[in-house]
Amino acid sequence: MDPKKTLLSWPVVRQLRSGDFLGRGPSVTSARTRGLEPRTSTADKVVQSVCPYCAVGCGQRVFVKDGRVVQIEGDPDSPVSRGRLCPKGSASEQLVNNPGRQRKALYRRPGGADWEPIELSTAVEMIAQRFVESRRRTWQDHDEHGRPLRRTMGIASLGGATLDNEENYLIKKLFTAAGAIQIENQARI
Amino acid sequence: MQDLSNADCIVIQGSNMAECHPVAYQWVTEARLKGAKVIHIDPRFTRTSATADKHIPIRAGSDVVLLGALIKFILDNELYFKEYVVAYTNAATLVNEDFQDTEDLDGLFSGYDDELGSYAPDTWAYASSDGEGDESPGTIGGPAAGHEHGQSQSERSAGDQHGSGGPALEHARVLRDETLQDPNTVFQILKRHYARYTPEMVADTCGINVDDFNYLAKAVTENSGRERTTAFVYAVGWTQHTLGAQFIRTAAIVQLLLGNMGRPGGGIMALRGHASIQGSTDIPTLYNILPGYLAMPVAGLHDTWEDYVGAIGNKEQKGFWANADTYAVSLLKAWWGKAATAENDWRFDYLPRLSGAHGTYQTTMAMLDGEVEGYFLLGQNPAVGSAHGRMQRQAMAKLKWLVVRDFNMIESATFWKDGPEIASGELTTEGIETEVFFLPAAAHTEKSGSFTQTQRMLQWHHQAVQPPGDCQSELQFFFELGRRVRELLADSTDERDRPLLDLTWDYPADENGDPDAEAVLAEINGRHLTGDKAGQPLSAYTEMKADGSTDGGCWIYTGVYADGVNHAADRKPGQEQDLTALEWGWAWPANRRILYNRASADPEGKPWSERKKYIWWDEEQGRWTGHDVPDFVPDKAPSYRPEPGTGGAAGLAGDDPFVMQADGKGWLFAPKGMLDGPLPTHYEPQESPVRNPLYAQQSNPARKVFPRKDNLWSPSGDEPGADVYPFVFTTYRLTEHHTAGGMSRWLPYLSELQPEFFCEVSPELAAERGLENGGWATIVSGRAAIEARVMVTERMTPLVIRGRTIHQVGLPYHWGVGGNAVVSGDAANDLLGVALDPNVQIQESKAGSCDIVPGRRPTGEALLRLVAEYQSRAGSTVMTGNELRTGHPESTPDTRGG
Ligand code: SF4
Ligand code: SF4
């Protein structure tokens, strides 16, 4: 018999002694579980954030260790959510760390059968060139009555409801200055 | 959100709040624990119904009949909040004598134009006090003056501009009869309009029995008034209809009659589905508006700066929209800085012009026609999430180039190799000439910025880590794209490139060398440009000037960066604040949490009751005070009366609580602004097995239709062929997935919780069609056929409509066909066609017609044959469902699209 185990370590006695009557607390720990530490207590820093899914806007606490997100939990300080998250909000650590998440830029050429790797900066330069060319090709100065239009109908965009206000602002500002008007997002849907 | 816990009764309609906005639902639960009654009105029994006092099943798309009957019940039994209604709404206001109601014209209001398929709203205007003699342009009395035709308003989706207040009126001189007896008062018009919306009509149209209706009517009226308040909650179950905006208007009328607007535990709560969908409407990535709900200029209407300023807000109307010129000049100064001067009208000419509707569906059709070369997808997956997925994918296959910015390889990024049209043989990979760039996006933990949640509150999220690999935020990407485009054009002498080259595009870098999000927020907030405060942030939009001495990218957000402090990042713990929690985040406008909260006090400025005390007039201090930021001129006494005819904020009387409305009143009747009628009236959905019981006019005569071979509809009502698609289908969301799945179907946790696409059917329908629980079913609409696992459940209730049983099929729409997600499946949205609400150009996706049969769908060409066989049996042609006027054999229907 293990000398460290005494009568007092009998489960039922443990439960009574620790006040854990339902057997869901300290009385049912093992050496292994006692040695575990929550990721949240070993994190280097905690950052306040907001759930990226729906518009309830639940508060999140993002736990970071070694430059990596290790856990995301509800922020008890939020007057809206009071620390709660639904399954989506609770899964957002996986949204960020999912091994299947795309981390590299990819390119599919016209008629191509598959993706090809591409340097990010090359891709952005190619997009800028296509932007300028399509804008030039599809430019409309005036309508049939000679009234100013000053626009391109050749470039469109969809998305924004999952993005930050500051990002939407730059998108609308750049596209409007370029004369591209077909800018839409989920709010129309 | 928290304010819902103050309600005494909550009606949730068009929303499954417990499952789709679960964490917000805690406030409903809290209200219920305090004794509030909760009623859930929805086609399906869901967890919301399970935790409510009562679930009332309704036929999808019939909500106006139910709410209209509620209005009639309130009026007939004199249960409206008399003092509130007389003082704060336009009930006493007189409407133009020429106005004719749908009751007079069998389903049309006066002003319908058969040619254009839309309304000229001039007869809906208020009667004028100026008498016969005043013909001056722009007065309310001159019916033709100042009323833009509905066709043109619809094309620029003018309804969206009212996101922060009502439309402009020419001035504030109106006639009122506070006894409410004059037959031309809004009050009397309302009575006549809803006279036939009886409980029996509800039973016959919605499938709701008279007892259930009475239960609802009693609960709502008993819990409204001085001492008590009722709240309404809705989501896209109300918006995604060809009559969507009017569904919400009907609820607004109920809430105004009962005195529930601007008061704690009252109002109408919109539950939106994306983290910043409110923000992307306020600072719109939308075609028809500029930041802060300023209109995008339209060719022919706003050719000059004078035209534009006159149209967006008139100095003679009451309220804060009269200062729209200061908002517009500040925006132009923010974008074009020194290049924008008084001499060049602030570079108003740099703005591109609209010339019709350029919404996402019109753009999709333009792609099919080869007019669009390049397309950016920014965290959105139209191949799965937009109506008529087939049309979306086929349109993208016509692009020259496509940029997809997302976390994962969504179906919209891979349709060219694994989309359903490749499987069916309609498209081939080699044949798709679209060049596709996939650029990985940074997550919310990898960038700083603000989201605006559903109650207009901005909350800052702080960057926690660096984005991995090539992942970039949109801020990084678009700043860089703008920089490169400007570089490519740097030597251009072409005048058309000036707006890009003169653009202010010089954001300081943060510690990682990326554009600083807080600097962008500061530009949005605005600053003083001249004088001793030059360079300092503005504190309130009332500081904005039209003389170029201020800038500001979105006037309604001014104040979020007051004193150089990022108030979106305010984080005083909720436990240390009262329920309103003004020091957590920042809500527009001016950090106000309940809009129009002046209405929480009586005309003298005293709280309506101790129990519902919120904002009141403090006589000693001569100021409004209370639990929230008062939504009123802070020191304007309740007794204040302006000189007649005064415009702007100064024109508001001390008891005009609706400060963004052109007459300071809550609108029971909308003399302007709604394109399909000044009062909500029932029309059937674009596709419906039921004939409109109220009028010969079947569907909304002003809706936007697109008669095209790839957009066929089922015949409706008693038309021949309607029985080919005998059932109603409705789409919805699940707790464990997020819209088109881009942020959920790639996550193993969430995919495991909801792995497979399914359809919900009642045991009765299952028996009728031989469907087996857990087996497969094929669902066929006028556009597509899809397969789903069958869930037979009593949560679906067959409804009896005029003796006929109507079955509804429920379809969660999160899945899509592709090769990359953890879980995939057919997309419910493939079943949908494109028909739009005229006010906001939103599609009808909550009600459609279908057939359902056991077994899996065929594949390859056989699938196309199945769809075609149904179409031919139903006799559907491009004209089916697309006749705007119905039941009037003498009229020539017009079918042009929007
Ligand atoms: S199983 Fe899911 S929904 Fe249930 S408590 Fe856990 S996380 Fe929440
Ligand atoms: S945790 Fe759930 S309810 Fe809260 S914001 Fe996220 S998705 Fe919405």
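My aim in this report is to walk through the structure given alongside it, one point at a time. Since the structure is predicted, the reported quantities are computational estimates derived from the model, not experimental observations. (Residues numbered from 1 in each chain as written. Chains lettered and ligands numbered in written order. Predicted model: local features only at pLDDT ≥ 70, side-chain atom pairs only at ≥ 80, totals over all residues. Heavy atoms only, no water.)

Details of the packing of aromatic side chains
Note on aromatic pairs: each is described by the distance of the centres and the angle between the planes.
Item 1. Taken as a whole, this structure holds 48 aromatic pairs over all chains when the rule is applied.
Item 2. Note on A:Phe175 and B:Phe478: the rings are 5.8 Å apart at their centroids and 65 degrees apart in plane angle, and the pair reads as edge-to-face. With A:Phe175 in helix 7 (residues 165-178) and B:Phe478 in helix 20 (residues 474-488), this residue pair bridges two chains.
Item 3. What makes A:Phe175 buried here is its relative accessible area of 0%.
Item 4. Aromatic side chains B:Tyr327 and B:Tyr541 sit 5.8 Å apart centroid to centroid with 90 degrees between the ring planes, which places their arrangement in the edge-to-face category. Of the two residues, B:Tyr327 sits in helix 14 (residues 324-336) while B:Tyr541 sits in the loop between strand 15 (527-528) and strand 16 (550-551), which places them 214 residues apart along the sequence.
Item 5. By relative accessible area, B:Tyr327 is classed as buried at 2%.
Item 6. Put simply, the rings of A:Phe131, A:Phe175, B:Phe376, B:Trp401, B:Phe477 and B:Phe478 touch in pairs and so form one group of aromatic residues.
Item 7. Sitting over the ring of B:Tyr215, B:Lys54 keeps its end group 5.2 Å from the ring centre.
Item 8. Above the face of the B:Phe632 ring, B:Arg598 is positioned so that its terminal group lies 5.7 Å from the ring centre. (Phe/Tyr/Trp six-rings, centres within 6.5 Å; stacked < 30°, edge-to-face > 60°. Helix = DSSP H or I, 4+ residues; strand = E, 2+ residues; numbered from the N terminus. Buried < 20%, exposed > 50% of the residue type's maximum accessible area, 1.4 Å probe, protein only. Lys NZ or Arg CZ within 6 Å of the ring centre and 35° of its normal.)

Some remarks on the pairing of strand 14 (residues 457-461) of chain B
Residue and element names in this part refer to chain B.
Item 1. Counting buried residues along strand 14, five of its five residues qualify, which places the element largely inside the surrounding structure.
Item 2. Side chains of strand 14 alternate between two faces, with Met 457, Gln 459 and His 461 and Leu 458 and Trp 460 buried alike.
Item 3. The pairing of strand 13 (residues 449-452) with strand 14 spans four bridges and is antiparallel. By the bridge assignment for strand 14, Gly 449 is matched with His 461.
Item 4. From the end of strand 13 to the start of strand 14, which pair antiparallel, there are four residues, and Arg 456 there has a positive phi angle of about 70 degrees.
Item 5. Note that strand 14 and strand 17 (residues 586-587) share two bridges and pair antiparallel. Its bridge partner lying in strand 17, Met 457 is registered against Ala 587. (Pairing = 2+ DSSP bridges.)

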